[in-house]
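Inside the fold
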Amino acid sequence: MNMRNKFLALALLSAAFSLPAHAGTKEQLIQLQTSMDNLQAQMQRMQQAFDERMGVMKNLIDQTTDNINKMNTSVDTLNKTVQTQQQQSGQTNDQLSGQIQQMHDSVDELKARIAKVSKQLEDFQAQQQNLQPAQPGAVTGPPQGTSPSSANSSTIGSAGNGAFPPPPAGFAGSGGSAAPPPDVLYNNALRDYNGGKMELAAQEFSDYLRAYPTTDLAGNAQFYLAEIQYRGGNYSSAVKQYDRVLEQYPGGNKAASAQLKKGYALLELGQKEAAIRELRALMVRYPRSIEAQQAKDRLGRINAAQNASSARPR
């Protein structure tokens, strides 16, 4: 029995008990029937009003649910947009870092060429001093026991040796032959690296380090060996190679870049805490460098990703 029938039954019983004991006439029965009809009509109106209000409430609940779903969708879209922008920003920073590194390399090559030209000028000046006219009464011919031809060939050989410093004695490159001059070997390696010939560039940089481990460009060569590992996805090997740059060439111009890329490699390995420590150490060690700003940006993206992940409903 539903609520309306219960209410009608109660109303009927109340009306019946309210009649006098001697009531039984037809008129009283008609009044009772009229009262029942009125009660039933009131119940119908109440039921109709109740149904209408329930319908309105249901519509409000549905609209609220739809709005909540739309808000969740908007939040997810916004999170994805922010993540995409952060990734694009990271790629832009990485590209900028690569361009800056290429500029550093160009400056290093220019320095090496200037040093080479300076050495050639010094050798040329020394040769001019040797060719100055002899004082009167001095012996102008070749030393005793030496033919003019051998003296000339000795002079030519001396001039030729001023072009490039000789490679270390006993060193053999990857092909088993003597190593090329340092600037030639380094420029060849860098050209192959920029051209995407990573295996050849790695061999040439390794040859450079074996032949010329104490030159100004040795730290650069070690850095590019690490970069080759990083580009190849060998992040564990890249971390070790970056450590060599930091340990063996701490004063080189690639030290800050090596520490930055080491932090990136640790992130790729999933070692977030170690990467954060490395990036923070870079900011302390090289506070005014471009790499420090890049480290700051990457740390900001890491914090933003963590906050977005924690704020996302589970």
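Notes on the structure follow. Everything numeric here is computed off the predicted structure, so don't read it as measured data.

1. Structural notes on the overall build of the protein
- Each helix and strand in the protein was counted, giving 10 helices and zero strands.
- What you see in the protein, going N to C, is helices and strands ordered as α-α-α-α-α-α-α-α-α-α.
- Looking at the protein as a whole, 29% of its 314 residues qualify as buried.
- The contacts in the protein between residues at least 6 apart in sequence include a share of 57% that link residues at least 24 apart.
- Summed over its atoms, the accessible surface of the protein is roughly 21000 Å², and 55% of this surface lies on carbon and sulfur atoms.

2. So, the packing of aromatic side chains
- If you walk through the whole model with that rule in mind, you get eight aromatic pairs.
- When the centroid spacing of 5.5 Å and the interplanar angle of 55° are considered together, the rings of Tyr 208 and Tyr 212 count as tilted.
- A cation over an aromatic ring shows up here: Lys 261 above the ring of Tyr 230, its NZ or CZ 4.4 Å from the ring centre.
- A cation over an aromatic ring shows up here: Arg 298 above the ring of Tyr 264, its NZ or CZ 4.2 Å from the ring centre.

3. Some points on the side chain of Asp 192
- Along the chain, the position of Asp 192 falls in helix α4 (residues 182-194).
- In this structure, Asp 192 is buried with no salt-bridge partner, the nearest side chain bearing the opposite charge being Arg 191 at 4.2 Å.
- Beyond its immediate sequence surroundings of up to four residues, Asp 192 is in contact with Lys 197, Leu 200, Ala 201 and Glu 204.

4. Here's the deal with the nonpolar core
- Among the nonpolar cores identified, the biggest contains 44 residues, and Tyr 186, Tyr 193, Phe 205, Tyr 208, Tyr 224 and Tyr 242 are the most heavily contacted of them.
- Every element with two or more residues in this core is listed here: α4, α5 (198-211), α6 (218-231), α7 (235-248), α8 (255-268), α9 (272-285) and α10 (290-311).
- Here this core takes eight residues from α6, the largest share from any one element.
- In this view, Tyr 242 contacts Phe 223, Ala 226, Glu 227, Tyr 230, Ala 258, Lys 261 and Lys 262; residues no more than four positions away in its chain are not counted.

5. A closer look at the packing of α5 against α6
- At a minimum axis distance of 9 Å, the contact between α5 and α6 shows a crossing angle of 150°. Comparing the axis directions of α5 and α6 gives the class roughly antiparallel. For α5 against α6, the interelement crossing comes out left-handed. Taken together, the residues of α6 that come into contact with α5 (itself represented by Met 198, Ala 201, Ala 202, Phe 205, Ser 206, Tyr 208 and Leu 209) are Ala 218, Ala 221, Gln 222, Tyr 224, Leu 225, Ile 228 and Arg 231.
- Residues of the contact of α5 with α6, tallied by class, amount to 11 nonpolar, two polar and one charged.

6. What about α4?
- Given a rise of 1.5 Å per residue, 13 residues ought to cover 18 Å, and the 18 Å separating the end C-alpha atoms of α4 matches this to within 8%.
- Of the positions making up α4, those classed as buried are Pro 182, Asp 183, Leu 185, Tyr 186, Asn 187, Ala 189, Leu 190, Asp 192 and Tyr 193.
- Gly 196 sits one or two positions beyond α4 and adopts a positive phi of about 85°.

What counts, and at which threshold
Residues numbered from 1 in each chain as written. Predicted model: local features only at pLDDT ≥ 70, side-chain atom pairs only at ≥ 80, totals over all residues. Heavy atoms only, no water. Helix = DSSP H or I, 4+ residues; strand = E, 2+ residues; numbered from the N terminus. Buried < 20%, exposed > 50% of the residue type's maximum accessible area, 1.4 Å probe, protein only. Contact = heavy atoms within 4.5 Å. Areas by Shrake-Rupley, 256 points an atom, 1.4 Å probe, with all protein chains shown as cover. Phe/Tyr/Trp six-rings, centres within 6.5 Å; stacked < 30°, edge-to-face > 60°. Lys NZ or Arg CZ within 6 Å of the ring centre and 35° of its normal. Lys, Arg positive; Asp, Glu negative; His and termini not counted. Salt bridge = Lys/Arg side-chain N within 4 Å of Asp/Glu carboxyl O. Core = buried A, V, L, I, M, F, W, Y, C linked by side-chain atoms within 4.5 Å. Axes fitted to C-alpha atoms, helices over the stretch in contact; angles between N-to-C directions. Parallel < 35°, antiparallel > 145°, perpendicular 65-115°, else oblique. Left-handed = near helix turned anticlockwise from the far one by under 90°. Nonpolar A, V, L, I, M, F, W, Y, C, P; charged D, E, K, R; others polar. Expected span 1.5 Å × (residues − 1).

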